[in-house]
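So you can see what is in the structure, the chains are spelled out below.
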Amino acid sequence: MWFYCKTPTTEYKIYKSQSDNGIDWEPFDTKRNPELQPSGAPWESKMVEYAYPFVYKDDIYVFYNGNNYGRNDIGVAMYVSA
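Here we summarise the structure given alongside this text. (Residues numbered from 1 in each chain as written. Predicted model: local features only at pLDDT ≥ 70, side-chain atom pairs only at ≥ 80, totals over all residues. Heavy atoms only, no water.)

### Observations regarding the overall build of the protein chain
For clarity, the cut-off: Counting from the N terminus, the helices are DSSP H or I runs at least four residues long and the strands are E runs at least two residues long. Based on C-alpha atoms, the radius of gyration is set beside the globule rule, defined as 2.2 Å times the residue count to the power 0.38. Accessible area is worked out with a 1.4 Å probe on protein chains only. A residue is then buried under 20% of its type maximum, exposed over 50%, and partly exposed in between.
A count of helices and strands for the protein chain gives one helix and five strands. Reading the protein chain from its N end, one meets helices and strands in the order β-β-β-β-α-β. Against the compact-globule benchmark of 12 Å for 82 residues, the protein chain has a radius of gyration of 13 Å, which places it among compact chains. Projected onto the principal axes, the alpha-carbon positions of the protein chain cover approximately 40 × 35 × 20 Å. Expressed as a percentage of the 82 residues in the protein chain, the buried residues total 28%.

Put into structure tokens, the structure is as follows:
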């Protein structure tokens, strides 16, 4: 599952959690590295959210919105597992 969240001290970032059975999920901790975070580019310097992951030719890509809920731009990133 891909989701976004923010804390009182951070902007929106995109995270991912996994479950083998849809009931028991790996613990979520905002201190761990997000899957996608603002890059500093003007259109996504404050937030990244509303992730839409999809598979294309055996690679995972993610469409996402930038600042102001994607008012001006959307992004696409290729997911690379750590």
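### Describing the nonpolar core
The following threshold applies: Joining through side-chain atoms within 4.5 Å is the link that ties buried Ala, Val, Leu, Ile, Met, Phe, Trp, Tyr and Cys residues into a set, and such a set is a nonpolar core. Only heavy atoms matter for contacts: two residues are in contact if any of them lie within 4.5 Å across the pair.
Of all hydrophobic cores here, the largest spans five residues; its members are I14, L36, V48, Y64 and A77. Those residues in contact with L36 that sit more than four places away from it in its chain are K13, I14, V48, Y64 and A77.

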